[in-house]
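# Tertiary structure, described
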Amino acid sequence: MDYKMIVLDLDDTLLRDDHTISIRTKEALMNAQNNGVKVVLASGRPTYGMKHIAKELALDEFGSFILSFNGGKIINCRTNEEMFSSTLTPESIHQLFSISRREGVFIHTYVGDEIITEDENPYTTIESELTGLPIKLVNSFVKEVNEPVVKALMVDHPDKLKLVEEKLQKELDDYSIMRSKPFFLEFTEKGVTKGTSLDQLIKTCQIKREEVIAIGDSYNDLSMIEFAGLGVAMGNAPDDIKAIANFVTDTNMNDGVAKVVEKFILSKKLTV
C-alpha cells in the first residue's frame, strides 16, 4: 500500500517520556513529508498544547493538520483555519460537574487558554504541565463555565476512575466517553472521536482510509486505530489495544513511530 497520511497520538506515542521527539523519529517524519506523506497530530490535548510540536515538525510548511481535543477540533496548520469544531453546552458541562461531585472525583475544562477547576489536585497539575496551559482555580465551576467548551475531563486515581467510567458508560448516552490516560476520563460531544474527525479530514484531503496509518497507545486512540487502513499500537500500549491493532511497534522510548515510518513508508519509497 502506498500510504499518504500518518496520524500520530502525542503523549506516550510520538513523544518520549520527557515530552520530546527523538532525533530518529523526527528525521523519519521529515523524510516522509518530503516524500509527499501528510503527518497529522491527533491528541486529547487542546490546540494550544500541540502547536509547538506541529511547528517542530514543520506541519505549517507542509500544509498538514492538527486534530485536537480528541477530534473536537480540526486545524489547518498552514492557514490556522478551524476546519471543524464540536462543543458541549454549558448545561452539559454543569451536568458533568454535578456527576463528578456525586462520584467524588475531580473535574476540569478549558475556557480560553486556561484550565478551569474548583479543586487543586495532582491530576489537573499534570494536565497543565502537559499542555502548557495555566490552571485557574475558581469558587464556582458552574458560574465560570457559561459558554460552550470542547470537552471536559474527570480526573482521579486510576482505580477509582475506572469504576466511574464503567458506571457512566452505561448511564450517559449524550457523550463520547474515553480514557486518554489512566487518570484522565474525557467527555466530548456524542459521536466525536479521533476516528470520526479523521474520517472528515481524509475526505477533505481526498485520501482513502486504506492509505492512512494511525498510531496510538491509549483508549482514546482506539477509534482511529480501528478506522485507519493500518492501525498501529505502541509497544507500551495495553494488551487489549494491541489485540485490536493491525501491527504492534516498539515503545515510545525505543523509536516505535520511526520504525513504522521506516518500514511502511520510507522503505517503499526507496524501492520505487
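Up top you'll find the structure we're talking about.
First things first, this report covers the structure right here in the doc. (Residues numbered from 1 in each chain as written. Predicted model: local features only at pLDDT ≥ 70, side-chain atom pairs only at ≥ 80, totals over all residues. Heavy atoms only, no water.)

Turning our attention to the side chain of S180. Turning to its location among the elements, S180 is positioned in strand β10 (residues 175-181). Those residues in contact with S180 that sit more than four places away from it in its chain are E186, S218 and N220. (Helix = DSSP H or I, 4+ residues; strand = E, 2+ residues; numbered from the N terminus. Contact = heavy atoms within 4.5 Å.)

Time to look at the side chain of T117. By the element assignment, T117 lies in strand β7 (residues 114-117). Not counting chain neighbours up to four residues away, the residues in contact with T117 comprise I107, H108, T124, I135, K136, L137, V138 and F141.

All chains considered together, the criterion is met by six aromatic pairs. A centroid spacing of 5.5 Å and a plane angle of 75° characterise the contact between F69 and Y110, whose relative ring orientation is edge-to-face. Remark: Y110 occurs in strand β6 (residues 106-111) and F69 occurs in the loop between β3 (65-68) and β4 (73-76); sequence separation between them is 41 residues. With a relative accessible area of 7%, F69 lands in the buried category. Using a relative accessible area of 6% as the deciding quantity, one classes Y110 as buried. Measuring from centroid to centroid gives 5.0 Å for F97 and F141, while their planes differ by 10°, and the two rings are stacked. Taken together, the residues F97 in helix α4 (residues 90-103) and F141 in helix α6 (residues 141-144) connect sequence positions 44 residues apart. The pair F97 / F141 is uniform in exposure class, with both members buried. Above the ring of F264, the side-chain terminus of K263 is found at 5.5 Å from the ring centroid. (Phe/Tyr/Trp six-rings, centres within 6.5 Å; stacked < 30°, edge-to-face > 60°. Buried < 20%, exposed > 50% of the residue type's maximum accessible area, 1.4 Å probe, protein only. Lys NZ or Arg CZ within 6 Å of the ring centre and 35° of its normal.)

Here the focus is the nonpolar core. I6, L14 and I213 are the most contacted members of the largest nonpolar core, which has 33 residues in total. Counting residues per element, the ones that place at least two in this core are β1 (5-8), α1 (23-34), β2 (38-42), α2 (51-56), β12 (212-216), β13 (230-233) and α11 (256-271). If one sorts the elements of this core by residue count, α11 sits on top with seven residues. Aside from chain neighbours lying at most four places away, what touches I6 is L29, V37, K38, V39, V40, I213, I215, V261 and I265. Residues V105, I116, V164 and L185 belong to the second largest nonpolar core, which totals 23 residues. (Core = buried A, V, L, I, M, F, W, Y, C linked by side-chain atoms within 4.5 Å.)

Running from N to C, α4 and helix α7 (residues 158-171) point in directions that differ by 130°, and their axes come no closer than 12 Å. The angle between the axes of α4 and α7 places the two elements in the oblique class. Once α4 is placed against α7, the crossing between them reads as right-handed. Note on element contacts: α7 touches α4 through K160, V164, K167, L168 and E171, opposite I99, R102 and E103. (Axes fitted to C-alpha atoms, helices over the stretch in contact; angles between N-to-C directions. Parallel < 35°, antiparallel > 145°, perpendicular 65-115°, else oblique. Left-handed = near helix turned anticlockwise from the far one by under 90°.)

This part is about α1. A rise of 1.5 Å per residue sets the reference length of α1, with its twelve residues, at 16 Å; its end C-alpha atoms lie 16 Å apart and thus fit the reference within 8%. Taken as a whole, α1 has its buried residues at T25, A28, L29, A32 and Q33. The buried residues of α1 all sit within an arc of 135° when viewed along its axis, so they share a single face. Set apart from the buried face of α1 by more than 90 degrees, the exposed residues are I23 and N34. Downstream of α1 by one or two residues, G36 has phi in the positive range, about 90°. (Expected span 1.5 Å × (residues − 1). Arc of directions from axis to C-beta.)

This next bit is on the pairing of β1. By the alternation rule, side chains of β1 split into M5 and V7 and I6 and L8, which are all buried. Examined bridge by bridge, β1 and β2 share four bridges and lie parallel to one another. Within β2, the residue paired with M5 across the bridge is K38. In this fold, the crossover linking β1 to β2 by way of α1 has right-handed handedness. Pairing geometry for β1 and β12, over four bridges, is parallel. (Pairing = 2+ DSSP bridges. Right-handed = clockwise from strand over helix to strand, strands pointing away.)

Once that is clear, we can look at α4. Residues that lie three or four places apart on an α-helix share one face, since the helix turns once every 3.6 residues. For α4, built from 14 residues, the straight-helix expectation of 20 Å at 1.5 Å per residue is met to within 8% by its first-to-last C-alpha distance of 20 Å. Of the positions making up α4, those classed as buried are P90, S92, I93, L96, F97, I99, S100 and E103. As for α4, its buried residues are in contact with β6, α6, β9 (152-155), α7, β10 and β11 (184-189). Just past α4, the residue G104 takes up positive phi, approximately 70°.

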